[in-house]
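# What the coordinates show
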Amino acid sequence: MMMGEYLAFAAVQSPEPETRDVATRWGSPTGFRTYSPQDVAQSDVLLRVQDLTKRFPVSLGFRKKAYVSAADGVSFEIKKGTTVGIVGESGCGKSTAARLVLGLIEPDSGTVAFEGVDVKTLSRGRRRELRRDMQMVFQDPYSALNPRMSVGESIAFPMRVHGTSRSEARERAALLLRQVGLHPNHASYYPHQMSGGQRQRVNIARALALQPRLVVADEAVSALDKSVQAQVLNLLTDLQEELGLTYMFISHDLNVVQYMSDRVVVMYLGQVVEECASEELYERPLHPYTRALLGSVGGLDPDQPPGPRLEGEIPSPIDPPSGCRFRTRCPEAMPVCAELRPALRQPREGHYVACHLFEEGPVSPSDSSATPATALAV
Ligand SMILES: Nc1ncnc2c1ncn2[C@@H]1O[C@H](COP(=O)(O)OP(=O)(O)OP(=O)(O)O)[C@@H](O)[C@H]1O
Ligand code: SF4
Ligand SMILES: [Mg+2]
């Protein structure tokens, strides 16, 4: 996360009174669907992102400009109290998806709906309030903390920004330290006096300071040793149970994602290629990319034959391949793969995949950008 974004993220202002403006609609590519407040209250979906697209302008030398396609029609939802893992190789758009969800960058198109409310329809004040509900745990626990602030000050900072008194913020920081398995005395430590695992616990405490509902963890354990990783992952699952948290858990490590997630979204070059329950993904992956990813990390089940390995380089997101973006590395590519983008279909109940090998099953209702099956027959 860039410094400006961090400051914008941290420096949210005092919340307005506790009346939540539940707008009752969110955009869909086929028009607006209207939800009654009852629908919203009863819905078990906390976050729904639909058709998010983001292109970043980049300079290619003198007067030459191009666009990086970082998110292209990204859709998924997260049910309350569950974890959705986002997985894929470096540069596939995981952090871009997180930044779009958190409102740190604006999408070119598409919607982010929190509790059924399209965040675009919210007033500025309500958006600031919403930012309390969504917090982030960063990858690098050291650079995410201000080295000149004590641990206690770092945890208290977001509360102070939201108008909590100094003494109350201090008290709550001590409680949060206990909650993440540290001692209240750690409040007087500075980041350089703590281990990587301890620092990540501080980051988690800071993320919890405003009692969020959604925690976005972007490679939150990637910088930690394996044994410390396990401790922090266990802490996150314990806190989820205790506080009813909902997680968007981003990692390039499939094993970590499997451990943490109820459902997994697999991304490739800015697109969702597969989405299903965690066990289903690891037992019966469908997309050639997912199978290759699993083959590359080694299967978790020793009885399963190893899958194909992932070969070749990721193509440039400035000029992604036509049709299916994975086709340049896919061992099963067919001529149609260069022509048409595959729709995200549901060949099995609750299991979505975007691949021409799976043309059976209904197209995902959230997939407006994919090629409809009828086009294939033409
Ligand atoms: N501000 C930006 N300007 C230009 N390109 C960007 C910007 N932010 C991201 N990108 C590009 O968008 C693509 C997706 O980046 P993103 O950071 O979302 O990937 P990622 O999946 O999180 O990768 P990693 O696993 O390495 O963190 C990459 O090609 C990246 O270079
Ligand atoms: S659509 Fe074609 S290229 Fe893409 S993953 Fe499926 S078979 Fe491979
Ligand atoms: Mg990233």
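Coordinates for the structure precede this section.
Summarised in this report is the structure supplied together with it. These numbers were taken from a predicted model, which means no experiment stands behind them.

### Notes on the overall build of the protein
Of the regular secondary structure elements, the protein holds 13 helices and 14 strands. A total of 378 residues make up the protein; the buried ones form 42% of that total. Considering only contacts within the protein whose residues lie at least 6 apart along the sequence, 63% involve residues at least 24 apart.

### Here's the deal with the pairing of strand S11 (residues 263-268)
Across the six residues that make up S11, a large majority, five, are buried. Where strand S5 (residues 83-87) meets S11, four bridges bridge the pair, whose relative direction is parallel. Bridge pairing links Val87 to Val266 in S11. Following S11, the chain reverses through two residues before pairing antiparallel with strand S12 (residues 271-277); Leu269 in that reversal takes a positive phi of roughly 45°.

### What to know about the sheet that holds strand S8 (residues 134-137)
Reading across the sheet, the eight strands line up as S8-S9-S10-S5-S11-S12-S14-S13 and stay open at both edges, with mixed pairing between neighbours. In the strand order of this sheet, the two ends are held by S8 and strand S13 (344-348), each with one partner. Neighbour-to-neighbour, the strand axes of the sheet open up by a mean angle of 20°, direction not taken into account. Taken together, the three bridges between S13 and strand S14 (residues 351-354) define a ladder with antiparallel strand orientation. Of the residues in S14, the one forming a bridge with Arg348 is His351.

### Focus on the site of ligand 2
As a matter of local geometry, ligand 2 sits amid 14 residues, with Cys324, Arg327, Cys330, Cys337 and Cys355 nearest to it. Looking at side-chain class alone, the shell around ligand 2 contains ten nonpolar, two polar and two charged residues.

### Description of the sheet that holds strand S7 (residues 117-118)
Here four strands make up an open sheet; going across it, the order is S4-S3-S6-S7 and the pairing antiparallel. Looking at strand neighbours, the two that pair on one side only are strand S4 (65-79) and S7, the edges of this open sheet. Bridging between strand S3 (residues 45-59) and S4 involves twelve bridges; their strand directions are antiparallel. What sits directly across from Pro57, in S4, is Tyr67. Packed onto the sheet, helix H3 (residues 94-101) meets S3, S4 and strand S6 (109-114) and runs at close to 115° relative to S3.

### Quick word on the nonpolar core
Grouped together as the largest cluster of nonpolar side chains are 92 residues, with contacts concentrated most on Val101, Ala205, Val216, Ala217 and Met248. Residues from two domains meet in this core; each of domain 1 (2-147 + 216-261) and domain 2 (279-298 + 307-358) gives at least three. Discounting residues that sit within four places of it in the chain, Val101 has contacts with Leu47, Val49, Val112, Val216 and Met248.

### What about the site of ligand 1?
What surrounds ligand 1 is a group of 14 residues, the closest being Phe56, Ala70, Ser90, Ser95 and Thr96. Contributions of two or more residues to the shell around ligand 1 are made by S3, S4 and H3. Looking at the shell around ligand 1 element by element, the count peaks at three residues for H3. Among the residues making up the shell around ligand 1, the classes are represented as six nonpolar, seven polar and one charged.

### Remarks on helix H5 (residues 151-161)
Along an α-helix, a turn takes 3.6 residues, which lines up residues three or four apart on a common side. Among the residues making up H5, those that are buried are Val151, Gly152, Ser154, Ile155, Ala156, Pro158 and Met159. Gly163 sits one or two residues past H5 and shows a positive phi near 90°.

### Structural notes on the packing of H5 against helix H7 (residues 196-208)
Here H5 crosses H7 at 25°, and the two axes come no closer than 8 Å. As the angle between them shows, H5 and H7 are arranged roughly parallel. Here H5 runs over H7; the crossing is right-handed. Taking contact as the criterion, the partners of Val151, Ser154, Ile155 and Pro158 in H5 are, on H7, Val202, Ala205 and Arg206. The residue inventory of the contact of H5 with H7, partitioned by class, reads five nonpolar, one polar and one charged.

### Observations concerning H3
Of all eight residues in H3, seven are buried; the element is thus mostly enclosed. Among all positions in H3, only Lys94, Thr96, Ala97, Ala98, Arg99, Leu100 and Val101 are buried. A positive backbone phi angle near 75° is found at Gly103, which sits one or two residues after H3.

### Description of unusual backbone geometry
Among all residues except glycine, the phi angle is most often negative; among peptide bonds, the trans geometry is most common. Located in the positive-phi region is Asp51, a residue other than glycine, with phi close to 60°. Its place among the elements puts Asp51 in strand S3. By the C-beta count within 10 Å, which is 20 here, Asp51 ends up buried. Positive phi, normally seen in glycine, also occurs at Glu219, with a value near 50°. For Glu219, the position within the fold is in the loop between strand S9 (214-218) and helix H8 (226-243). A tally of 19 C-beta atoms within 10 Å means that Glu219 is categorised as partly exposed.

Definitions and limits used
- Numbering of residues starts from 1 in every chain and runs along the sequence as written.
- Going through the entries in the order they are written, you letter the chains from A and number the ligands from 1.
- Confidence filtering applies because this is a predicted model: local features only for residues at pLDDT of at least 70, side-chain atom pairs given and counted only at 80 or more, and all residues used for totals across whole chains, interfaces and linings.
- A run of DSSP states H or I qualifies as a helix once it reaches four residues; a run of E qualifies as a strand once it reaches two. Both are numbered from the N-terminal end.
- The exposure label follows from counting other C-beta atoms within 10 Å of a residue's C-beta, where the C-beta atoms are placed from the backbone and the thresholds are 20 or more for buried and 12 or fewer for exposed, leaving partly exposed in between.
- What counts as a contact is two residues whose backbone-derived C-beta atoms lie within 7 Å of each other.
- Strand pairing is defined by DSSP finding a minimum of two bridges between the two strands.
- Axis lines are fitted through C-alpha atoms, for helices just across the contact stretch, and the angle between N-to-C directions can take any value from 0 to 180 degrees.
- In this entry, near means the residue's backbone-placed C-beta atom lies within 6 Å of the molecule or strand.
- Three categories are distinguished: nonpolar for Ala, Val, Leu, Ile, Met, Phe, Trp, Tyr, Cys and Pro, charged for Asp, Glu, Lys and Arg, and polar for the others, with Gly belonging to the last.
- Under the definition applied here, buried Ala, Val, Leu, Ile, Met, Phe, Trp, Tyr and Cys residues are grouped into a nonpolar core through C-beta atoms within 7 Å.
- Segmentation of the chain into domains, including their bounds, is taken from an automatic or database domain assignment.
- Just so you know how the angles are binned, under 35 degrees is roughly parallel, over 145 roughly antiparallel, 65 to 115 roughly perpendicular, and the rest oblique.
- Here is the rule for handedness: rotate from the far helix to the near one, and if that takes an anticlockwise turn smaller than a right angle the crossing is left-handed, while a clockwise turn gives right-handed.

Taken by themselves, the reported measurements are silent on function.
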